[in-house]
Amino acid sequence: MEFCDECGSMMHGDDGLWVCGSCEFEKPRDAEAEAAMTTTHGQDTDSGPVDMSDVDDEEIGPTTAARCPECGHDRARYEMKQIRAADESETRFFTCTECGHKWREDDH
Ligand SMILES: [Zn+2]
Ligand SMILES: [Zn+2]
């Protein structure tokens, strides 16, 4: 049973559509069915969380010559991150290999 979004009248099924008997308003039935499917079945949780515990910390990212503002060490891991896709280019995030201090490339 489906009621019209526009006028509230009862709608009848017509192929892939619900069609309002009063105002001719139409909406697809497939979308309705798909929405119901995803809410009832949800996601397959078999895979579970990825175990990262055996990943060597040194292998997380490439290192580069960068001066740590915290301890003065000249080597840091870095990763590229897009802060806001629309108005900013990629920013490099550094992590000091010596003390673990994190900072952004444009923090000076
Ligand atoms: Zn209607
Ligand atoms: Zn440091």
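Structure: above.
Residues numbered from 1 in each chain as written. Chains lettered and ligands numbered in written order. Predicted model: local features only at pLDDT ≥ 70, side-chain atom pairs only at ≥ 80, totals over all residues.

A tally of regular secondary structure across the chain gives one helix and eight strands. Going from N to C terminus, the chain has its helices and strands arranged as β-β-β-β-α-β-β-β-β. Considering the chain as a whole, with its 108 residues, one finds that 7% of them fall into the buried category. For the chain, contacts bridging at least 24 residues in sequence account for 17% of all contacts bridging at least 6. (Helix = DSSP H or I, 4+ residues; strand = E, 2+ residues; numbered from the N terminus. Buried ≥ 20, exposed ≤ 12 C-beta atoms within 10 Å, placed from the backbone. Contact = placed C-beta atoms within 7 Å.)

Working definition: the strands of a sheet are paired by backbone hydrogen bonds and lie parallel or antiparallel to each other. The four strands are arranged β1-β2-β3-β4 in an open sheet whose pairing can be described as antiparallel. Bordering the open sheet on either side are β1 (2-3) and β4 (26-28), each of which pairs with just one other strand. The pairing of β1 with strand β2 (residues 10-14) spans two bridges and is antiparallel. Looking at β2, one finds that Glu2 is bridged to Met11. (Pairing = 2+ DSSP bridges.)

Checked against the element boundaries, Lys81 lands in strand β6 (residues 75-82). The exposure class of Lys81 is exposed, given the 12 C-beta atoms found within 10 Å. Taking the C-alpha atoms as reference points, Lys81 and Thr91, separated by 10 residues in sequence, lie 5.4 Å from one another. Not counting residues within four places of it along the chain, the set of residues in contact with Lys81 comprises Glu90, Thr91 and Phe93.

Turn length for the β1-β2 hairpin, with the two strands adjacent in sequence and antiparallel, is six residues, and the turn residue Gly8 shows positive phi of about 85 degrees. Where β2 and strand β3 (residues 17-20) come together, four bridges link them in antiparallel fashion. Looking at the pairing, Gly13 lines up with Trp18 of β3. Adjacent in sequence and paired antiparallel, β2 and β3 are bridged by two residues, among which Asp15 carries a positive phi angle near 50 degrees.

This part covers the environment of Lys102. With respect to the helices and strands, Lys102 occurs in strand β8 (residues 102-104). Counting along the chain gives 24 residues from Lys102 to Tyr78, while the straight-line C-alpha distance between them is 9.3 Å. Lys102 has contacts with Phe93, Phe94 and Thr95, leaving out every residue within four places of it along the chain.

Attention now goes to the pairing of β3. Where a strand is regular, its side chains alternate between the two sheet faces. With burial as the criterion, only one face of β3 is covered, namely that bearing Trp18 and Cys20; the residues Leu17 and Val19 on the opposite face remain uncovered. Sheet topology note: the β3/β4 ladder contains three bridges and is antiparallel. The residue of β4 that forms the bridge with Leu17 is Pro28. Connecting β3 to the antiparallel partner β4 that follows it, the hairpin turn spans five residues, and Glu24 within it adopts a positive phi of roughly 70 degrees.

Functional significance is not addressed by these values, which are geometric in nature.
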